[in-house]
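Chains, contacts and geometry: an overview
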Amino acid sequence: MESVIDLGALNEQYGIPGRVVFKAGPGGLAFVEVINAHGRIEVTLQGGQVVNWVPRDGREVIWLSEHANFSEGKSIRGGIPVCWPWFGPHQRESSFPAHGFARTAPWRVVAAEETDAGITRLILQLEQNEGTRRFWADPCALSLQIGLGAALELELVTRNTGAAAMVVGEALHTYFRVGDVRKIAVYGLDGCAYLDKTDGMKRKRQAGPLRFGGETDRVYLDTVAACLIEDPVLNRRIRVSKHGSRSTVVWNPWREKAAKMGDLGGDGYLHMVCVESANAADNRVTIVAGEEHRLGVSYAVESLVDGRP
């Protein structure tokens, strides 16, 4: 539980003065702040969730709701939630938490290091216990590597430690900050088939860049391509590159649904878009006994120039 985390011990064992600092955050949750020449991130040990990333230009890239609930065992609206070991509702047990349990479970720090290339890296681990086994009995180990360099890099590693194959759904459910979602465009999905959750899960196909004029909830299938979020209001382009992912999920709840959510804020939907690197629906992954699967992302910010990517 978050309440028994010894921040002093964490700082003594893993802290790097002025670079990696463990501290109490909102709601009494344990946070780790990482600062280097490339910028700053904040991560909650509950959920292993990045909640803030500010590159050295001083402008936030990750969106976090002003109404986010920082409470033990509750999901945090915004940041980069880790969806694992299923995406969306559980296939058989409707009482199980949506998007799995990893995003609300406590993660353990196993390393904090600085590389010769100037990257500061955290390694967190989620271990099975009595609480997690009631949702997921397959023997496995899950770790998350978070690296702050010129880009923000995350890698979610699932190792099957059992004797039988296991099937996993997963996503890095990233909320990106945008100037006005009605004016952005997402490139990289042209021609992809997708499941439209706003239209009864009908299978459709993307034509051209994705633009937003209403609720959007789509699982793009069989795509390994990078996505570009072009934002003319903030005059930047966010590049979302990935590996070990064959799905891209794009989500914005829009006005009516956002108003019912409580923790998103009245106009919060205008300033966020989720572009998630995932393995969902048809693209869930099978991990054979003794093997591992790696889902990795790299986020980079570029200046917006005239013309299209």
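Coordinates for the structure precede this section.
Computed from a prediction, not measured in an experiment: that's the story for all the values here. (Residues numbered from 1 in each chain as written. Predicted model: local features only at pLDDT ≥ 70, side-chain atom pairs only at ≥ 80, totals over all residues. Heavy atoms only, no water.)

1. Overview of the overall build of the chain
The following threshold applies: Comment: elements are numbered from the N terminus, with helices defined as DSSP H or I runs of at least four residues and strands as E runs of at least two. Using C-alpha atoms as the atom set, the radius of gyration is obtained and then compared with a globule rule of 2.2 Å times the number of residues to the power 0.38. Whether a residue is buried, partly exposed or exposed follows from its accessible area with a 1.4 Å probe, protein chains only, as a fraction of its type maximum: under 20%, in between, or over 50%, in that order. By definition, residues are in contact when any of their heavy atoms lie within 4.5 Å. Under the convention used here, a 1.4 Å probe and the Shrake-Rupley method define accessible areas, while residue burial counts only the protein chains that appear. The sign given to each residue is positive for Lys and Arg and negative for Asp and Glu; His and the chain ends receive no count. Every charge is mapped onto a representative atom, which is NZ of Lys, CZ of Arg, CG of Asp or CD of Glu.
Check the secondary structure of the chain and you find 3 helices and 22 strands. Its C-alpha radius of gyration of 19 Å places the chain within 12% of the 19 Å reference for a compact globule of 309 residues. Counting every position in the chain, which comprises 309 residues, the buried fraction comes to 53%. Within the chain, residue pairs in contact and separated by at least 24 positions form 64% of the contacts whose partners lie at least 6 positions apart. Working note: accessible area of the chain is about 13,400 Å², and carbon and sulfur atoms make up 47% of it. Between the averaged position of the 35 positive side-chain charges in the chain and that of its 37 negative side-chain charges there is a distance of 5 Å.

2. Here's the deal with the pairing of strand β14 (residues 193-196)
Basically, it comes down to this: The pairing criterion for strands is at least two bridges between them, as found by DSSP.
Burial along β14 is two-sided: the face carrying Ala-193 and Leu-195 and the face carrying Tyr-194 and Asp-196 are both buried. As judged from the 4 bridges shared by β14 and strand β15 (residues 202-205), these two strands associate in the antiparallel manner. Counted as the bridge partner of Asp-196 is Lys-202 from β15. As consecutive antiparallel partners, β14 and β15 are separated by 5 residues, and within that stretch Gly-200 has a phi angle of approximately 65°, a positive value.

3. What to know about empty space enclosed by the protein
Vacant regions in the atomic arrangement are exposed by a probe of water-molecule size rolled over the atoms. Operational definition: Only protein atoms enter the 1 Å grid used here. Points where a 1.4 Å probe fits but cannot escape make up a cavity, open sets with protein on both sides within 12 Å along at least five of seven lines make up a pocket, and a residue lines them when an atom lies within 4 Å of a point. Grid points are joined across faces, edges and corners, and a volume is the space filled by probe spheres set on the points. Note on residue categories: nonpolar means Ala, Val, Leu, Ile, Met, Phe, Trp, Tyr, Cys or Pro, charged means Asp, Glu, Lys or Arg, and polar means any other residue, Gly included.
Under the definition given, this model contains 1 cavity of 30 Å³ or more. The space that makes up the largest cavity amounts to roughly 60 Å³. Along the walls of the largest cavity sit Trp-84, Phe-101, Leu-126, Glu-127, Gln-128, Thr-132, Trp-136, Cys-140 and Leu-142, which together make up its complete lining. Taken together, the residues that form the lining of the largest cavity break down as 6 nonpolar, 2 polar and 1 charged.

4. Re the pattern of salt bridges
Side chains that differ in charge, positive against negative, can pair when their charged atoms come close. Note the cut-off: Any carboxyl oxygen of Asp or Glu that lies within 4 Å of a side-chain nitrogen of Lys or Arg is treated as forming a salt bridge with it.
Evaluation of the coordinates by the stated rule reveals 22 salt bridges. Residues Glu-60 and Arg-177 are paired through a salt bridge, measuring 3.2 Å at the closest nitrogen-oxygen approach. Of this pair, Glu-60 sits in the loop between β4 (49-55) and β5 (82-83) while Arg-177 sits in strand β12 (residues 175-177), and the two are 117 residues apart along the sequence. With its nearest N and O atoms 2.9 Å apart, the salt bridge here joins Arg-182 to Asp-180.

5. Comments concerning the environment of Arg-255
With respect to the helices and strands, the residue Arg-255 is situated in helix α3 (residues 254-261). Judged by its relative accessible area of 44%, Arg-255 is partly exposed. With 45 residues separating them in the primary sequence, Arg-255 and Leu-210 have C-alpha atoms 18 Å apart.

6. Observations regarding the state of the cysteines
Our working rule: Cysteine sulfur atoms are paired as a disulfide whenever they come within 2.5 Å of each other.
This model, assessed by the stated rule, comprises 0 disulfides. In this model Cys-192 remains outside any disulfide bridge; the closest cysteine sulfur is found in Cys-227, 7.8 Å from its own. Owing to a relative accessible area of 12%, Cys-192 belongs among the buried residues under this scheme.

7. Some thoughts on the pairing of strand β18 (residues 236-243)
The pairing of strand β17 (residues 227-231) with β18 spans 5 bridges and is classified as antiparallel. The residue bridging Ile-229 from the neighbouring strand is Ile-238, located in β18. What sits between β17 and β18 in their antiparallel hairpin is a turn of 4 residues, with Asn-235 showing a positive phi close to 55°. Where β18 and strand β22 (residues 292-303) come together, 8 bridges link them in antiparallel fashion. Among the inter-strand pairings, Ile-238 is bridged to a residue of β22, identified as Val-301.

8. Concerning the nonpolar core
Under the convention used in this document: By convention a nonpolar core is built from buried Ala, Val, Leu, Ile, Met, Phe, Trp, Tyr and Cys residues, the set being connected through side-chain atoms within 4.5 Å.
Counting residues in hydrophobic clusters, the biggest one holds 75 residues, and the most contacted among them are Trp-84, Leu-154, Phe-176, Ile-229 and Tyr-299. With 5 residues, strand β8 (residues 140-148) is the single largest residue contributor to this core. One finds Ala-171, Leu-195, Val-249 and Ala-280 within the second-largest nonpolar core, a separate group that totals 9 residues.

9. Here we look at the sheet that holds strand β6 (residues 108-114)
The condition is simple: Axes here refer to lines fitted to C-alpha atoms; in helices the fit is confined to the stretch in contact. Angles between the N-to-C directions go from 0 to 180 degrees.
Overall, antiparallel pairing links the 8 strands, which are arranged β6-β7-β8-β9-β22-β18-β17-β13 in an open sheet. Every interior strand has two partners, whereas the edge strands, β6 and β13 (185-187), have only one. Adjacent strand axes in the sheet meet at a mean angle of 15°, parallel and antiparallel pairs treated alike. One ladder, built from 3 bridges, connects β13 with β17; its direction is antiparallel. By the bridge assignment for β17, Tyr-187 is matched with Leu-228.

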